[in-house]
Amino acid sequence: MLVFHKLFKGLIITYTFIHTIHIFSVFIYGGFLFVDVLFLSKMKQTLNDEEYKKARESIMMHVRKVVPYALMVAVASGLFMITQVFGEITDNSLSAFQIMLSIKAFLASWLGIRGINQKLFGINPWVFKSHLFPFSLVVVIILLSQLMYI
Ligand code: HEM
């Protein structure tokens, strides 16, 4: 009994730890998209093309070292968590929680695969050229992450 109790407690501590990592990595990735779409794009209003390019690059050179990896950590930690919380499929049908979590995981994996393609293989499809599309996906993912518990 004591062994099971210890194992169970260990799993809860691990889950909480990975969950915290998930939230921080999502915070870093989503935070950048938020700042980029809502604020950095506004630099165009006061800077000319040349200045804008220079100012943006001086920020992006640091962003590239952190943000793509935050997305990869978010996906990896998410994949661990989904194995723990998805639960059994009963009566051959998915619960509302399972459906929303699956949609969320699909959209997040899409972002993740695209991030890995861009970072490691230099492949960048047109839908992701601007950050507005990934930003919108993140908004939907965050909403699903909350609504799935209702
Ligand atoms: C394949 C990729 C992913 C999977 C499988 C996944 C899975 C999960 C799971 C299972 C939870 C529930 C954790 C819990 O409440 O115990 C969760 C929470 C969450 N995820 Fe993900 N996730 C992934 C990627 C992402 C990405 C890319 C984002 C956003 C950019 C994101 C945003 C969130 C948010 C905001 C929460 C809610 C955290 C909270 O309320 O405590 N996830 N995710």
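Going by the structure above, here's the rest.
Here is what the cut-offs are and how they apply
- Residues numbered from 1 in each chain as written.
- Predicted model: local features only at pLDDT ≥ 70, side-chain atom pairs only at ≥ 80, totals over all residues.
- Heavy atoms only, no water.
- Salt bridge = Lys/Arg side-chain N within 4 Å of Asp/Glu carboxyl O.
- Helix = DSSP H or I, 4+ residues; strand = E, 2+ residues; numbered from the N terminus.
- Buried < 20%, exposed > 50% of the residue type's maximum accessible area, 1.4 Å probe, protein only.
- Near = heavy atom within 4 Å.
- Polar contact = N/O pair within 3.5 Å; in protein donor to acceptor, adjacent residues only side chain to side chain.
- Nonpolar A, V, L, I, M, F, W, Y, C, P; charged D, E, K, R; others polar.
- Patch = residues over 30% accessible without salt bridge, like charges linked within 9 Å, V, L, I, M, F, W, Y side chains within 5 Å.
- Areas by Shrake-Rupley, 256 points an atom, 1.4 Å probe, with all protein chains shown as cover.

1. Comments concerning the pattern of salt bridges
- Under the counting rule described, the total for this entry stands at 2 salt bridges.
- With a shortest N-O distance of 2.7 Å, Arg56 and Asp36 are connected by a salt bridge. Residue Arg56 is located in helix α2 (residues 49-85), and its partner Asp36 is located in helix α1 (residues 2-38); the two are separated by 20 residues in the primary sequence.
- Assessed through its relative accessible area of 5%, Asp36 is described here as buried.
- Here Arg64 and Glu57 are joined by a salt bridge, their closest N and O atoms 3.0 Å apart.

2. Details of the environment of Ala105
- Secondary-structure assignment places Ala105 in helix α3 (residues 96-121).
- Judged by its relative accessible area of 22%, Ala105 falls in the partly exposed class.

3. Some points on the site of the ligand
- Near the ligand there are 25 residues, and of these Tyr15, His19, His22, Lys104 and Tyr149 occur at the shortest range.
- A distance of 2.3 Å separates a nitrogen atom of the ligand from a polar side-chain atom of Lys104.
- Tyr149 places a side-chain nitrogen or oxygen 2.6 Å from an oxygen atom of the ligand.
- Residue assignment for the shell around the ligand shows that the elements contributing at least two residues are α1, α2, α3 and α4 (132-147).
- When its residues are assigned to classes, the shell around the ligand shows 18 nonpolar, 6 polar and 1 charged.

4. Points about a nonpolar patch on the surface
- A cluster of nonpolar side chains, contributed by Phe24, Phe27, Ile28 and Val66, occupies part of the molecular surface with about 400 Å² of accessible area.
- If one sorts the elements of the nonpolar patch by residue count, α1 sits on top with 3 residues.
- Here Phe27 falls in the exposed class, since its relative accessible area comes to 57%.

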